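Fold and geometry: a report
The primary structure of each chain is shown beneath.
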Amino acid sequence: MSEQAIVINNHGNFEKNFLEKIASRLAQEFHLPVSIEDCHIDLSEFYNPMRRQYDGNRILKELDLHSLPPQVKKIGLFRVDLCIPILTYIFGQAPLNGNTGIASLYRLHNEPYGMNKDEDMLLDRFKKVITHELGHMFGLLHCHVPHCVMRSSTYVEDLDQKSHNLCKKCHAEIRSSISGQHLT
């Protein structure tokens, strides 16, 4: 692949239709081709029994070992509870200007928060997390515009309050980043 693209790595045995909805949203927001690959890594070595969670830093590092060309952004999708040492949990993680990110829907379900199951809301939240992490991979920092998908999200309520979209400023930065990477 010599052109820019986004690759979704399905590590959570997600249904094809579910992933296609995510891919369509990402293609619409980033104006790049999006492909889906089924993948598997043994997560047992990343499990922290003291926290009963999976180490997001170590998973990210492992996925980055299997990197694609630098112009391809890869996001690994999971169903497990992710954490990093300084936070109780994370929805996702990606290094600024990196090529690999991760996202999990584990904490995006309604039921743990005393609400009724809602598959549409689950998909909606997951799309926002994935878009947010890809934004970091394209060089975006957290945004202070309330509706921007790049606003920081600590709780699911934060996700519910923002849109799927980048604000005008973040969108312009992404366009510039993508255009600049085409030139290299």
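Here the structure is shown first, and the text comes after it.
Below, the structure is looked at part by part. (Residues numbered from 1 in each chain as written. Predicted model: local features only at pLDDT ≥ 70, side-chain atom pairs only at ≥ 80, totals over all residues. Heavy atoms only, no water.)

Per the secondary structure count, the protein includes five helices and nine strands. Each helix (α) and strand (β) of the protein, taken in turn from the N terminus, gives the series β-α-β-β-β-α-β-β-β-β-β-α-α-α. A globule of 184 residues ought to have a C-alpha radius of gyration of about 16 Å, and the protein, at 16 Å, matches this closely. Taking the principal axes of its C-alpha atoms as reference, the protein extends roughly 45 × 35 × 35 Å. Summed over all atoms, the accessible surface of the protein reaches about 9600 Å², with 52% contributed by carbon and sulfur. The averaged location of the 22 negative side-chain charges in the protein is 4 Å from the averaged location of its 20 positive side-chain charges. (Helix = DSSP H or I, 4+ residues; strand = E, 2+ residues; numbered from the N terminus. Rg over C-alpha atoms; globule rule 2.2 N^0.38 Å. Areas by Shrake-Rupley, 256 points an atom, 1.4 Å probe, with all protein chains shown as cover. Lys, Arg positive; Asp, Glu negative; His and termini not counted. Charge placed at Lys NZ, Arg CZ, Asp CG, Glu CD.)

Moving on, we get to unusual backbone geometry. Keep in mind that most residues, glycine aside, have a negative phi and that most peptide bonds are trans. For His-31, which is not glycine, the phi torsion reads 55 degrees and is therefore positive. Residue placement: His-31 occurs in the loop between α1 (16–30) and β2 (34–38). Positive phi, close to 60 degrees, is recorded for Asn-97, a residue that is not glycine. Along the chain, the position of Asn-97 falls in the loop between β8 (92–93) and β9 (100–104). Asn-97 gets classed as partly exposed once you look at its relative accessible area, which sits at 49%. (Buried < 20%, exposed > 50% of the residue type's maximum accessible area, 1.4 Å probe, protein only.)

What follows is about the pattern of salt bridges. Any two side chains of opposite charge can pair, so long as their charged atoms come close to each other. A full pass over the atoms with the stated rule returns seven salt bridges. For the salt bridge of Asp-81 with Arg-107, the shortest nitrogen-to-oxygen distance reads 2.7 Å. With Asp-81 in the loop between β5 (72–78) and β6 (82–84) and Arg-107 in the loop between β9 and α3 (119–137), the pair connects residues that are 26 residues apart, well separated along the chain. Asp-81 gets classed as buried once you look at its relative accessible area, which sits at 8%. (Salt bridge = Lys/Arg side-chain N within 4 Å of Asp/Glu carboxyl O.)

Okay, α1 next. Taking 1.5 Å of rise per residue, 15 residues should cover 21 Å, and α1 covers 21 Å from first to last C-alpha, within 8% of that figure. Among the residues making up α1, those that are buried are Phe-18, Leu-19, Ile-22, Ala-23, Arg-25, Leu-26, Glu-29 and Phe-30. Each buried residue of α1 sits inside an arc of 160 degrees when the element is viewed along its axis, so together they form one side. Every exposed residue of α1 that faces more than 90 degrees away from the buried side is listed here: Lys-16 and Gln-28. Where α1 ends, the next residue or the one after it, His-31, has phi of about 55 degrees, a positive value. (Expected span 1.5 Å × (residues − 1). Arc of directions from axis to C-beta.)

Another aspect to go through is the state of the cysteines. As used in these notes, a disulfide is a covalent bond between sulfur atoms, one from each of two cysteines. Evaluation of the coordinates by the stated rule reveals zero disulfides. With no disulfide of its own, Cys-148 has Cys-170 as its nearest cysteine by sulfur position, at a separation of 3.8 Å. Residue Cys-148 is classed as buried on the basis of its relative accessible area, which comes to 0%. (Disulfide = S-S within 2.5 Å.)

The next point concerns the pairing of β2. Here strand β1 (residues 5–10) pairs with β2 via five bridges, running parallel. Residue Ile-8 lies in a different strand from β2, and its bridge partner there is Ile-36. Handedness of the crossover joining β1 and β2 through α1: right-handed. (Pairing = 2+ DSSP bridges. Right-handed = clockwise from strand over helix to strand, strands pointing away.)

Read from one edge of the open sheet, five strands run β2-β1-β5-β9-β8, paired in mixed fashion. Where the open sheet ends on each side, the last strands, each with one partner, are β2 and β8. By the bridge criterion, six bridges tie β1 to β5 in an arrangement that is parallel. Counterpart to Val-7 in the pairing with β5 is Lys-74.

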